[in-house]
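# Remarks on the overall topology
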Amino acid sequence: AAAAAATSIPRDSSAEPSHAQNGSVNGAGGGGGEKGGEGEEKESKSAGPPWASRTAEAVVGELHSNIEDGLTVAEARRRLQQDGPNVLPTRKRRSLLLRIWDQCNNVLIFILLLSALIKIGFADYIDSGFIWAVAILNIIIGIAQEGKAESAAKAISNMLAPNAIVTRDGVDAKLPSADLVAGDIVVLTAGDRVPADMRVLESVDLQTQEAMLTGESEPVLKQVEPVAADATLAECKSMLFSGSMVVFGHGKAIVVATGENAEIGKISAMMNSVERVETPLVVQLDQFGRWMSLLVLLLALVTFLVDLLARGNEVKDAFSTAIGIAVALIPEGLPAVVTITLALAVSTMARHNAIVRKLPAVETLGCVNVICSDKT
């Protein structure tokens, strides 16, 4: 029954033995060889068909590998130096001081701290202590949520398989997945996690769970036959994707993309390159803070001049009056109320396993009218 269910490419259809390897391809078509010149350069720039739509023989030949023997150890080492390890790129973790400054770098906190300093100047230590407590609470919650968001992003890296059975020089051996290169022949059985994007070479009822990429809840039966050139990711049944799980059967495949060139690597790269966009709340508070600061300074200056020139008071008394007017105009309660409200909203969402990295981002949900979503 297993033989009847098995599909594979003929053993004699592999490329030349691995000692003839002279090129490495990672995530793109085109190989080595002696055909240099402008023709090859133009061909390498043209967008070829995806690996899934090419025959298994063509993929093995293009990657200068061998179905039986795999790559040589020397060639695998050379490709590893050229393409880099099979790991996902990670964003360098920022220092604690930078994260604290990032949490403080908004108009809300500036108004809070300014109000607290003025309250200290007037010996109003109770109100000042309350304002400082709100500001510190905002920083602590923000840093904690940012840490959770970074942990969630880092979890993608943990989806990569730690080891894989690889054929090199005709010998199957368990190697770290980080050492995999394009052209490696990998043996897979039920329970294995796919270590890289690979083209199926042999399949004996080989089925994988790819819900993390395609949203399909059912396992996908893999095949050796190529698919259509315009096939979507979910339709690429001749491909195995990094991070997916083999749930049934066994087979053999050739690595075609590793690290950031794999599909899961592209997701990781998108998460690490998210552009920072100010939320409507931050924009409005920034505009409010600018206008309020200008108004406070203007009224304080007018008060100082009137008290000094029109009423003939001393400079010290006029200055105290102006400061009193300024303190009365600063809405120190507004940022405190907004910060506490956002913090409570973040805590509520956290209980439902929704991670919010920045406090003002909670308000953005209130500006959403339509959410377009699919099963992923």
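Up top you'll find the structure we're talking about.
Residues numbered from 1 in each chain as written. Predicted model: local features only at pLDDT ≥ 70, side-chain atom pairs only at ≥ 80, totals over all residues. Heavy atoms only, no water.

## Description of the overall build of the chain
Scanning the chain from N- to C-terminus turns up 13 helices and eight strands. In the chain, buried positions account for 39% of the 376 residues. Of the contacts formed within the chain by residues at least 6 apart in sequence, a portion of 72% connects residues at least 24 apart. When the accessible surface of the chain is totalled, it reaches about 20,600 Å², and 61% of it is carbon and sulfur. (Helix = DSSP H or I, 4+ residues; strand = E, 2+ residues; numbered from the N terminus. Buried < 20%, exposed > 50% of the residue type's maximum accessible area, 1.4 Å probe, protein only. Contact = heavy atoms within 4.5 Å. Areas by Shrake-Rupley, 256 points an atom, 1.4 Å probe, with all protein chains shown as cover.)

## A few points about the environment of Leu308
Take Leu308: it is sitting in helix H10 (residues 280-310). Of the residues examined, Leu308 reaches a relative accessible area of 24% and is grouped as partly exposed. If we skip the residues at most four places from it in the chain, Leu308 touches Asn313, Glu314, Val315 and Ala318.

## Considerations on the pairing of strand E3 (residues 171-176)
Inspection of the sheet shows strand E2 (residues 163-168) paired to E3 by six bridges, in the antiparallel sense. Looking across to E3, one finds that Thr167 is bridged to Asp172. Connecting the antiparallel pair E2 and E3 is a turn made up of two residues, with Asp169 showing a positive phi of about 55 degrees. (Pairing = 2+ DSSP bridges.)

## Some words on the nonpolar core
By size, the foremost hydrophobic cluster in this structure holds 34 residues, and its most contacted members are Val186, Met198 and Leu240. When residues of this core are traced back to their parent elements, those giving at least two are helix H3 (56-62), E2, strand E4 (185-189), strand E5 (197-209), strand E7 (239-240) and strand E8 (245-257). The biggest single contributor to this core is E8, with six residues. Val186 has contacts with Ala164, Ile165, Val166, Leu180, Pro195, Met198, Gly251, Lys252, Ala253 and Val255, leaving out every residue within four places of it along the chain. Formed by nine residues, the second largest nonpolar core is a distinct cluster that contains Ile141, Leu285, Ala343 and Val346. (Core = buried A, V, L, I, M, F, W, Y, C linked by side-chain atoms within 4.5 Å.)

## A look at the pairing of E2
Alignment of E2 against E4, held across three bridges, turns out to be antiparallel. The partner of Thr167 across the bridge, within E4, is Ile185.

## Concerning a nonpolar patch on the surface
On the surface, a cluster of nonpolar side chains totalling about 610 Å² of accessible area is made up of Leu117, Ile120, Tyr125, Trp132, Ile136 and Ile140. When residues of the nonpolar patch are traced back to their parent elements, those giving at least two are helix H6 (107-121) and helix H7 (125-154). Ranked by residues supplied to the nonpolar patch, first place goes to H7 with four residues. Counting through the fold element by element, Ile140 comes out in helix H7. (Patch = residues over 30% accessible without salt bridge, like charges linked within 9 Å, V, L, I, M, F, W, Y side chains within 5 Å. Salt bridge = Lys/Arg side-chain N within 4 Å of Asp/Glu carboxyl O.)

## So, the environment of Asp102
Among the structural elements, Asp102 can be located in helix H5 (residues 96-104). In sequence terms Asp102 and Ile139 are 37 residues apart; their C-alpha atoms lie 9.0 Å from each other.

## A look at H10
Relative to the 45 Å expected for 31 residues at 1.5 Å per residue, H10 spans 44 Å between its end C-alpha atoms, a close match to the ideal helical length. For H10, the full list of buried residues reads Leu281, Val282, Leu285, Gly289, Met292, Val296, Ala300, Phe304 and Asp307. Of the residues one or two after H10, Gly312 is the one with positive phi, at around 70 degrees. (Expected span 1.5 Å × (residues − 1).)

## Here's the deal with the pattern of salt bridges
The full count for this structure, using the stated rule, is six salt bridges. A salt bridge links Arg79 to Glu75; its shortest N-O distance comes to 2.6 Å. Pair noted here: Arg79 and Glu75 are both in helix H4 (residues 73-83), with a separation of four residues, about one helical turn. For the pair Arg79 and Glu75, one class covers both residues: buried. Across the salt bridge formed by Asp184 and Arg168, the nearest N and O atoms sit 2.7 Å from each other. Of the two residues, Asp184 sits in the loop between E3 and E4 while Arg168 sits in strand E2, which places them 16 residues apart along the sequence.

## Examining the packing of aromatic side chains
A full pass over the atoms with the stated rule returns zero aromatic pairs. The cationic tip of Arg54 hangs over the ring face of Trp51; the distance from NZ or CZ to the ring centre is 4.7 Å. (Phe/Tyr/Trp six-rings, centres within 6.5 Å; stacked < 30°, edge-to-face > 60°. Lys NZ or Arg CZ within 6 Å of the ring centre and 35° of its normal.)

## Some points on unusual backbone geometry
Phi is positive for His64, close to 55 degrees, though the residue is something other than glycine. Summarising the element assignment, His64 is placed in the loop between H3 and H4. Located in the positive-phi region is Asp205, a residue other than glycine, with phi close to 50 degrees. Examined against the element boundaries, Asp205 turns out to sit in strand E5.

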